[in-house]
Amino acid sequence: MEKLNFISELRTEMTKGTMKKMRAGGKIPAVLYGNNENINLFIDSKSFREMLKKSGRNVLINMKIEKAEKPADRTVILKEIQRNPVTRDIIHVDFYQLDRTKKIEVAIPIHFVGEAPGVKEGGVLNHVLRELKVECLPASIPDKIIVDVSHLQLGDSISIADLTLAEGVELAMLSDLIIANVVKPTVWEEV
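Report on the accompanying structure.

Further remarks concern the sheet that holds strand 9 (residues 131-136). The mixed open sheet is built from four strands, whose spatial order is 10-7-9-12. On the outer flanks of this sheet lie strand 10 (145-148) and strand 12 (170-171), each paired with one strand and no other. When strand 9 meets strand 12, the two strands line up antiparallel, connected through two bridges. Opposite Val134, over in strand 12, you have Leu171 as the bridge partner.

It is worth spelling out the nonpolar core at this point. The biggest cluster of nonpolar side chains holds 24 residues, and the ones touching the most others in it are Val106, Leu132, Ile141, Ile145, Val147 and Ile179. The set of elements that each furnish at least two residues to this core consists of strand 7 (104-113), strand 9, strand 10 and strand 13 (178-183). Here this core takes four residues from strand 7, the largest share from any one element. Sequence-distant contacts of Ile145, defined by excluding residues within four places in its chain, comprise Ile108, Pro109, Ile110, His111, Leu132, Val134, Leu163 and Leu165. Among the nonpolar cores identified, the runner-up in size contains 21 residues, and Leu41, Met51, Ile90 and Val93 belong to it.

Another point: the pairing of strand 2 (residues 27-34). Each regular strand displays side chains that alternate between the two surfaces of the sheet. Counting buried positions over the eight residues of strand 2 gives six, a clear majority of the element. Direction of pairing for strand 2 relative to strand 3 (residues 37-44): antiparallel, over a ladder of eight bridges. The partner of Ala30 across the bridge, within strand 3, is Leu41. Linking strand 2 back to strand 3 in an antiparallel pair, the connection comprises two residues, with Asn35 at a positive phi of about 55°. The pairing of strand 2 with strand 6 (residues 90-97) spans four bridges and is parallel. Bridging from a neighbouring strand, Ala30 pairs with Val93 of strand 6.

What follows concerns the pattern of salt bridges. Here the structure, examined in full by the defined rule, presents three salt bridges. Among the ionic pairs, Glu9 bridges to Lys27, the shortest N-O distance being 3.6 Å. Of the two residues, Glu9 is situated in strand 1 (residues 3-10) and Lys27 in strand 2; the sequence distance between them amounts to 18 residues. Between Glu170 and Lys103 there is a salt bridge, with its nearest N and O atoms 2.9 Å apart. Of this pair, Glu170 sits in strand 12 while Lys103 sits in the loop between strand 6 and strand 7, and the two are 67 residues apart along the sequence. For Glu170, a relative accessible area of 40% puts it in the partly exposed group. Lys103 sits in the partly exposed class, given a relative accessible area of 40%.

The next thing to look at is the packing of aromatic side chains. This structure, assessed with the given rule, holds three aromatic pairs. Arranged with centres 5.6 Å apart and planes meeting at 65°, the rings of Tyr33 and Tyr96 form a pair that is edge-to-face. Within this pair, whereas Tyr33 is found in strand 2, its partner Tyr96 is found in strand 6, the two being separated by 63 residues in sequence. One aromatic cluster is present, formed by Phe6, Phe48 and Phe95 through successive ring pairs. The ring of Phe42 is capped by Arg11, whose NZ or CZ atom sits 5.6 Å from the centre of that ring. In this structure, Lys79 is placed above the aromatic ring of Tyr96, and the distance from its NZ or CZ to the ring centre is 5.5 Å.

Rules used throughout
- Residues numbered from 1 in each chain as written.
- Predicted model: local features only at pLDDT ≥ 70, side-chain atom pairs only at ≥ 80, totals over all residues.
- Heavy atoms only, no water.
- Pairing = 2+ DSSP bridges.
- Helix = DSSP H or I, 4+ residues; strand = E, 2+ residues; numbered from the N terminus.
- Core = buried A, V, L, I, M, F, W, Y, C linked by side-chain atoms within 4.5 Å.
- Buried < 20%, exposed > 50% of the residue type's maximum accessible area, 1.4 Å probe, protein only.
- Contact = heavy atoms within 4.5 Å.
- Salt bridge = Lys/Arg side-chain N within 4 Å of Asp/Glu carboxyl O.
- Phe/Tyr/Trp six-rings, centres within 6.5 Å; stacked < 30°, edge-to-face > 60°.
- Lys NZ or Arg CZ within 6 Å of the ring centre and 35° of its normal.

Spelled out as structure tokens, the structure:
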């Protein structure tokens, strides 16, 4: 798994006015929690959006905290992004500090490959799940889970139990859930 470097700065003032000024200046308030500590931070909006666009959400981040009493790099993962419901601008970010020896639960996106023969026969490929929850060590987090649908005939489906995951990666969901299926299209008749 790729590991990115990211710089943040310690946030000492937490008034509403300060937050508004910092957001207008291109900073996003953030929180780093885990390993029995909570640290309030500011991150650069532009570099954070570039990191998201380039690497996605499931990436290990080597975070350097500037203006801290004891500057130290921490290995973190992105936990949550809060957005303005109208403008969709990022207004707050949560990071989680990892312990490299403990397993964590993460949601991994599913990427479908291939073309289902059932679709050529007039069926519709239905993507039931878009991501899987897995449990693994931080160094073993997969970027994506690839699901091949090139063998699906009309009426066939793929369940979680049909997948083979990488070594050290365990499912954190029920294995009988369907990931994708090919179904007949619904036709509405006029009365």
